[in-house]
Amino acid sequence: MRSALNSGRGLLGGFIVVHLVFLVFAASLSLRGEAFSDTFIYRDWAMAGFNDANLRGGPSPWVYPILALFPMAIAGLAGPGPFFFLWVLMTTLLNGWALLKLTARGRNANAIPAGWWWLAFTFLMGWLGFARVDGLTAPLVLVALAYGVQRPFIASVLLAIGTWVKVWPAAIMLALFAVVKNRLLVVLAGIAATAGVIAVAAALGSVPKLLNFLTQQGDRGMQLEATFTTPWLWLSVLNVGGSRMYMNTDINSMQVDGPGTATMSVLMQPLLVLAALLVAGLAFWALHNGKQHKVAGGVDRTELLLAGALALAAAFVVFNKVGSPQFMVWLGPAVAVGLAHSWREWRVPALMLIAIAVATYFIYPLFYDALSHNNPWMALVLTIRNILVVVLFLWSVRRLYSLGKKTAAPAPALKET
């Protein structure tokens, strides 16, 4: 039984079972003309032609980069009825592509357990990976990381496309830039992809809105689930200092208000940028310092890329004032490819991320209503989840440091006399 599961055919069976669960549920809702979670908003945008004037309040579609609107448009081609099913089908196809690339079409036996881990993580994250834009970008990033330092141009093109869907893949591109031999390829790929996006925007007459996603959410406060919101979460639960939870209807986000939250909200953006630059600098240092590494040829660039990718993705979560539950999906690709590269080295973050996924599932969708009404037990679950994310970030930073740390050359053995 174990040998059957630990094969390409066994993994394919697992993929079909996991994704059939989501496809069948999506089909049942679509047959009733319904959607689920954020796909209700995506469907409204698509039916309105992504024109704010045709919407009845709520967030603008231009809170996302322009390429995020394309899968929404595709899902809406047949009208509002099948929108949700087509959205889940697109996510399924991308997940299938990621699994094929991760395991070399099932031929890499050492990567099969990593494929099973990715399926387990996907299943535990649930609708956060199937009803949000993030679920489309995660498999794209996984494929990019699988190409990695061996094919940096292809990896960079994929990451640039992902960035124009949801900004976070830019963090992975920063890690790639820090560790590859030919950084010019990364830059050229980014320029080429961006030029293509500008050309598309020009053809659609959307150039004036191209960078709206950078400003649409600038005034938002500290979101309930964000790591740095945790102290105010407990102040709200304990009813201390006038702290409270409230719904920001303009952007459909639950936020926390209290003493100092306005200041912290302003500080989070520079903190995020600083953290990203420091992590990228650490990856760059590790690469060059690792030339003195005890392994011939210096540090393993692939391992350095994966550690840097996880550190930067985690930094984008930890130092983010938004902190939506689907952000945990960002952490999966680097761990999945890391397990395929070295199962032994990546077991710890893999276990931590499974625990994070389980805690996140309890937070959303199971008990989000209780959390948003100051339930102390759900506040505790969220606090534990946030601590685990911080620990994961620290693990990846420590991993980067250890990869680049100089090791003393072994003393020559004394000849017997």
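Residues numbered from 1 in each chain as written. Predicted model: local features only at pLDDT ≥ 70, side-chain atom pairs only at ≥ 80, totals over all residues. Heavy atoms only, no water.

## Quick look at a nonpolar patch on the surface
Move 1: Together, F153, F177, L184, V187, L188 and I191 make up a nonpolar patch on the protein surface, roughly 530 Å² of accessible area in all.
Move 2: Broken down by element, the nonpolar patch gets its largest block of residues, four residues, from helix α10 (residues 183–204).
Move 3: Residue class for V187 comes out partly exposed when judged on its relative accessible area of 37%. (Patch = residues over 30% accessible without salt bridge, like charges linked within 9 Å, V, L, I, M, F, W, Y side chains within 5 Å. Areas by Shrake-Rupley, 256 points an atom, 1.4 Å probe, with all protein chains shown as cover. Salt bridge = Lys/Arg side-chain N within 4 Å of Asp/Glu carboxyl O. Helix = DSSP H or I, 4+ residues; strand = E, 2+ residues; numbered from the N terminus. Buried < 20%, exposed > 50% of the residue type's maximum accessible area, 1.4 Å probe, protein only.)

## Side note on the confidence of the model for the protein
Move 1: Summing up the model confidence of the protein, the mean pLDDT is 91 and the portion of residues at 70 or higher is 93%.
Move 2: For the stretch residues 407–417, pLDDT sits under 50, and the model shows three contacts to residues farther than four places along the chain or on other chains. (pLDDT = per-residue confidence, 0-100. Contact = heavy atoms within 4.5 Å.)

## Digging into the layout of surface pockets
Move 1: For the second largest pocket, the calculated volume is near 230 Å³.
Move 2: In terms of lining residues, the second largest pocket is bounded by L67, F70, P71, I74, M90, L94, L136, T137, L140, I161 and V165.
Move 3: Among the residues forming the lining of the second largest pocket, the class breakdown is 10 nonpolar, one polar and no charged. (1 Å grid on protein atoms, 1.4 Å probe; cavity = no way out; pocket = protein on both sides within 12 Å on 5 of 7 lines; lining within 4 Å. Points joined across faces, edges and corners; volume = space filled by probe spheres on them. Nonpolar A, V, L, I, M, F, W, Y, C, P; charged D, E, K, R; others polar.)

## Some remarks on helix α13 (residues 301–318)
Given 3.6 residues per turn, any residue in an α-helix points the same way as the ones three and four places further on.
Move 1: Compared with the 26 Å implied by 1.5 Å per residue over 18 residues, the 25 Å span of α13 between its first and last C-alpha is a close match.
Move 2: Most of α13 sits out of view: 16 of its 18 residues are buried.
Move 3: For α13, the capping residue at the N-terminal end is D300, with a side-chain oxygen 3.0 Å from the backbone nitrogen of T302. (Expected span 1.5 Å × (residues − 1). Polar contact = N/O pair within 3.5 Å; in protein donor to acceptor, adjacent residues only side chain to side chain.)

## Brief notes about the packing of aromatic side chains
Move 1: Applying the stated criterion across every chain, the model contains 25 aromatic pairs.
Move 2: Ring geometry for F25 versus W127: centroids 5.2 Å apart, planes at 45 degrees, classification tilted. Of the two residues, F25 is situated in helix α2 (residues 8–31) and W127 in the loop between α6 (112–125) and α7 (134–147); the sequence distance between them amounts to 102 residues.
Move 3: In this structure W127 comes out as buried when scored by relative accessible area, which is 14%.
Move 4: Ring centres of W127 and F130 lie 6.1 Å apart, and the angle between their planes is 75 degrees; this geometry places the pair in the edge-to-face category.
Move 5: An aromatic cluster of at least three residues, connected via ring pairs, comprises F22, F25, F36, F84, F123, W127 and F130.
Move 6: Between the NZ or CZ atom of K101 and the centre of the ring of Y147, over which it lies, the distance is 3.8 Å.
Move 7: Across from the ring centre of F177, 5.9 Å away, lies the NZ or CZ of R183, which sits over that ring. (Phe/Tyr/Trp six-rings, centres within 6.5 Å; stacked < 30°, edge-to-face > 60°. Lys NZ or Arg CZ within 6 Å of the ring centre and 35° of its normal.)

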